[in-house]
Amino acid sequence: MKLKLIALAATLMASTAANAVNYVKQENLEKHIAVNGIASNVKVGRDVPMPVITWGADMRTELVNTNNKGMSFRLELQDSLVEQMTQYISGYTPYFRGTMSQGAILNYMVRNNPELAPVAIVKLSDSRGGDVLVTKNGINNLKQLCTGNKTIAVNAYGPHLNLLNRALKDGGCSINDVTVKWVPDLTESDDSPLAALYEPDVDAAIVISPDAAIATASANGSGIGDGSDDSVKGARSMFSTRTAGTTTMDMIFVRKDYFDQNRNKIGMFVHEMLIAVESAESLLKTKNSAYNRWLKRSATLLFNDETMDADAGFLYGDAKHSSYVNNVNFFLNPDEPRNFDNLTAEVSEFMVELGLIDKPRPIAWAEWNFDSFKKGIKNTKTDIKTSAVNQAVIAKIIEKKRKAGTLEDSQFIKFPIQFQPNTTEFSPTLYAADFKEFVEKKSVYPGAVMTLEGHCDPLEYQKVMLKNGYAQATYGKSKEKAGPLVRQSCYDTGIQRAMQVRDAIIKYAKDTMNYSMTPDQFQILSHGLEKPISGMCGNIPCKIKSKQAWLENMRVEVGVTVVEAEASDFELL
């Protein structure tokens, strides 16, 4: 795979050196598709055309079609949104394959033709690292991306619109605060986001993971491009769907007129697609001849080259495939923060900002009786636990960042919780709004790490070390012996305060949002008295000059931290 990536990079470098990237204007698609002029009834035979895109979740569609239980499809690779919509509206195919953002655009396009309205029939997957925001020119976090009118290259109308939305909003800005250069192609082209990233005036690009690997290649394996192997000097994978794991959701939609006439058959297809999640997992475990044949068929479908079967395997792994349980929660659970209604609202609002639709509009879904889909599916328990992470590895990563002083750069959410003197208790009701934002962000970024950093007031330590006779009078010890005692006590207080906050957040999530969180999802840190508001003067905290600064030191800082640079170590268990 690496050799193919390097060869592609060399081609892109040579091409972009000779020709500048051709940028396009992303505008309302009514300027490109005359809906009323092409709208027609569905005209399909026995083999219904089914669009697929270059994405691992579509390998399940291939698996179902090969098994041929119920419906028969003619699978056709179609990565062009305009072409897909044209085929859908004209009746060439009743199916539309795209992200939630693209579904919102289609829903707007056919707003005056109710029979063409898209009906969501199944959620296929979330991206879990397959889509990456690569930055250069010294941009290390989302806040830096949002300052100084940075330039970002993105595929026009493509699958990365909502990832762009979340990156900007959680960096603290909007689409109006950056310059977006829209490119016509997603990958494997000199008019792609990767090709644009080679240009000096482009600060960042949202690319698929193979292109991110090209851009960030380095001789020393640092994950920061050094110009070798045609990488982009200074490029790093700063933010991806490994962290923002519920921003890029892939769906299959079907025209309402066709759905109404073929509901039972379409239901059979959805049932088989949900079974295929477990069937594919079984193939992945056995890696037998059937598995190899599936990869070759998928490589032929997605890359038009069966020898790229290993690439197909990597592509499948870039998706978090949506099971029966995931679909039930997505469509039916009102307490799921990232459910169908909430995602429709989120992506629609951004499509309005981009000028692609006029206002948020509800999207219909099939309203399946999911109990009828249970047959043949092993896991139908909807009370599944939140995925755990390798805590030992994450603890090392966080500690490494803390010692290097880069932990704060990796955090895109951070807020303090204050404590009163000499106590580890606080009032959770004062922080309800912060807790709500924190839990909602965690649902958006399941791959991020939640950090709780405890702090202690250094005033007592200052008295011990600086006030003559204080250590002896208070502790019966010299300051050389009393100082470490106070320092350790401060460290312990920071730990206890962080644990109190952790427990309060877990309780709030459960009681208020019916969202399950567990203690092992948090990383507890204590800075003791080492990071006071007033700063450090040598080895001793600087003098506190006000009562307000004194009180502000008694805090726990709650953070959501990106660990993209160590993504290979940050795997779900």
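Structure: see above.
Worth saying up front: this structure is predicted, and the values here are computed from it rather than measured.

Caption draft 1: How the structure looks around the packing of aromatic side chains. Summed over the entire model, instances satisfying the criterion amount to 21 aromatic pairs. Summarising the aromatic geometry, the rings of Tyr-324 and Phe-370 are spaced 6.1 Å apart at their centres and angled 85° between planes, so their arrangement reads as edge-to-face. Taken as a pair, Tyr-324 in helix H14 (residues 324–332) and Phe-370 in the loop between strand E12 (364–365) and helix H16 (391–404) lie far apart in primary sequence, 46 residues in all. Of the two residues, Tyr-324 and Phe-370, both sit in the buried class.

Caption draft 2: View of helix H5 (residues 100–109). Of all the ten residues making up H5, ten are buried; the element is thus mostly covered by neighbouring parts of the structure. Of the residues making up H5, those classed as buried are Met-100, Ser-101, Gln-102, Gly-103, Ala-104, Ile-105, Leu-106, Asn-107, Tyr-108 and Met-109.

Caption draft 3: Quick look at the sheet that holds strand E6 (residues 151–155). The strand order across the open sheet formed by five strands is E7-E6-E8-E5-E9, and the pairing between neighbours is mixed. Edge positions in the open sheet fall to strand E7 (179–183) and strand E9 (236–240), since each of these has one partner strand only. Taking each pair of neighbouring strands and ignoring which way they run, the sheet shows an average axis angle of 30°. In terms of strand pairing, E6 meets strand E8 (residues 204–208) through two bridges, oriented parallel. If you follow Ile-152 over to E8, its bridge partner there is Ala-204.

Caption draft 4: Examining the side chain of Asn-262 more closely. Among the secondary structure elements, Asn-262 is positioned in the loop between helix H10 (256–261) and helix H11 (263–286). At 2.9 Å, the side chain of Asn-262 forms a polar contact with the backbone oxygen of Tyr-258.

Caption draft 5: Structural context of the packing of helix H17 (residues 432–444) against helix H20 (residues 479–513). Remark: H17 packs on H20, axes separated minimally by 10 Å, with the N-to-C direction vectors making an angle of 85°. Considered as vectors, H17 and H20 are oriented roughly perpendicular to each other. Residues Ala-432, Phe-435, Lys-436, Phe-438, Val-439 and Glu-440 of H17 touch H20, and the partners they reach there are Ala-504, Ile-505, Tyr-508, Ala-509 and Met-513. Its residues placed into classes, the contact of H17 with H20 shows nine nonpolar, no polar and two charged.

Caption draft 6: Here's a closer look at the environment of Val-486. For Val-486, the position within the fold is in helix H20. C-alpha separation for the pair Val-486 and Gln-521, spaced 35 residues apart in sequence, amounts to 30 Å.

Caption draft 7: Quick peek at the pairing of E7. In terms of burial, E7 is largely enclosed, as four of its five residues are buried. You can see the chain leave E6, run along helix H7 (residues 161–171) and come back into E7, and the turn it takes is right-handed.

Caption draft 8: Focus on the state of the cysteines. One pass over the full model with this rule turns up three disulfides. Sulfur-sulfur distance for the disulfide between Cys-146 and Cys-173 comes to 2.1 Å. In this structure, the disulfide formed by Cys-146 and Cys-173 twists by about -60° around the S-S bond and is classed as left-handed. Residue Cys-146 is located in the loop between helix H6 (142–145) and E6, and its partner Cys-173 is located in the loop between H7 and E7; the two are separated by 27 residues in the primary sequence. For Cys-146, a relative accessible area of 12% translates into the label buried. On the basis of relative accessible area, Cys-173 is assigned to the buried category, the value being 9%.

Caption draft 9: Just the nonpolar core, in detail. In terms of nonpolar packing, the biggest core is built from 132 residues, with Tyr-95, Ile-121, Leu-133, Leu-164, Trp-368, Ile-505 and Met-517 touching the most fellow members. By residue number, the principal contributor to this core is H11, which donates nine residues. Ignoring any residue separated from it by four or fewer positions in sequence, one finds Leu-164 in contact with Ile-152, Val-154, Ile-175, Val-180, Trp-182, Ile-206 and Phe-350. Ala-195, Leu-197, Ala-212 and Val-232 belong to the second largest nonpolar core, which has 18 residues in total.

Caption draft 10: Region of interest: the pattern of salt bridges. Taken as a whole and judged by the stated rule, the model has 23 salt bridges. Ionic pairing is found between Glu-62 and Arg-297, a salt bridge with its closest N-O pair at 2.7 Å. One end of the pair, Glu-62, is in helix H3 (residues 58–67); the other, Arg-297, is in helix H12 (residues 289–303), with 235 residues separating them in the sequence. Residue classification places Arg-297 among the partly exposed residues on the basis of a relative accessible area of 28%. Connected through salt bridges with shared partners, the residues Arg-166, Asp-170, Arg-338 and Glu-346 form a single ionic network.

Here is what the cut-offs are and how they apply
The numbering scheme is per chain: residues are counted from 1 as the chain's sequence reads. Given that the model is predicted, a residue must reach a pLDDT of at least 70 before its local features are reported, and side-chain atom pairs must reach 80 or more before they are shown or counted; all residues, however, enter totals for whole chains, interfaces and linings. The basis for the side-chain values is all heavy atoms of the structure; hydrogens and waters are excluded. Stacked, tilted and edge-to-face are the three classes assigned to paired rings of Phe, Tyr and Trp, where Trp is represented by its six-membered ring and a pair needs centres within 6.5 Å; plane angles under 30 degrees give stacked, over 60 edge-to-face, the rest tilted. Strands are runs of DSSP state E lasting at least two residues, helices are runs of H or I lasting at least four, and both sets are numbered from the N terminus onward. Each residue is placed in one exposure class: buried if its accessible area under a 1.4 Å probe, protein chains only, is under 20% of its type's maximum, exposed if it is over 50%, and partly exposed if it falls in between. Criterion used throughout: strands pair if DSSP finds at least two bridges between them. All axes are obtained by fitting lines to C-alpha atoms, using only the stretch in contact for helices, and the reported angles, taken between N-to-C directions, cover 0 to 180 degrees. What qualifies as a polar contact is a pair of N or O atoms within 3.5 Å, subject to a donor-acceptor requirement within protein and to the restriction that residues adjacent in sequence count only when both atoms come from side chains. Working definition: roughly parallel below 35 degrees, roughly antiparallel above 145 degrees, roughly perpendicular at 65 to 115 degrees, and oblique for all remaining angles. Should any heavy atoms of two residues lie within 4.5 Å, those residues are considered in contact. Gly is placed with the polar residues, together with every amino acid not listed as nonpolar (Ala, Val, Leu, Ile, Met, Phe, Trp, Tyr, Cys and Pro) or charged (Asp, Glu, Lys and Arg). With the strands aimed away from the viewer, a crossover counts as right-handed if its path from the first strand over the helix to the second runs clockwise. Cysteine sulfurs are considered disulfide-paired once they come within 2.5 Å of each other. The set of buried Ala, Val, Leu, Ile, Met, Phe, Trp, Tyr and Cys residues whose side-chain atoms join them within 4.5 Å is what this entry labels a nonpolar core. Here a salt bridge means any side-chain nitrogen of Lys or Arg lying within 4 Å of a carboxyl oxygen belonging to Asp or Glu.

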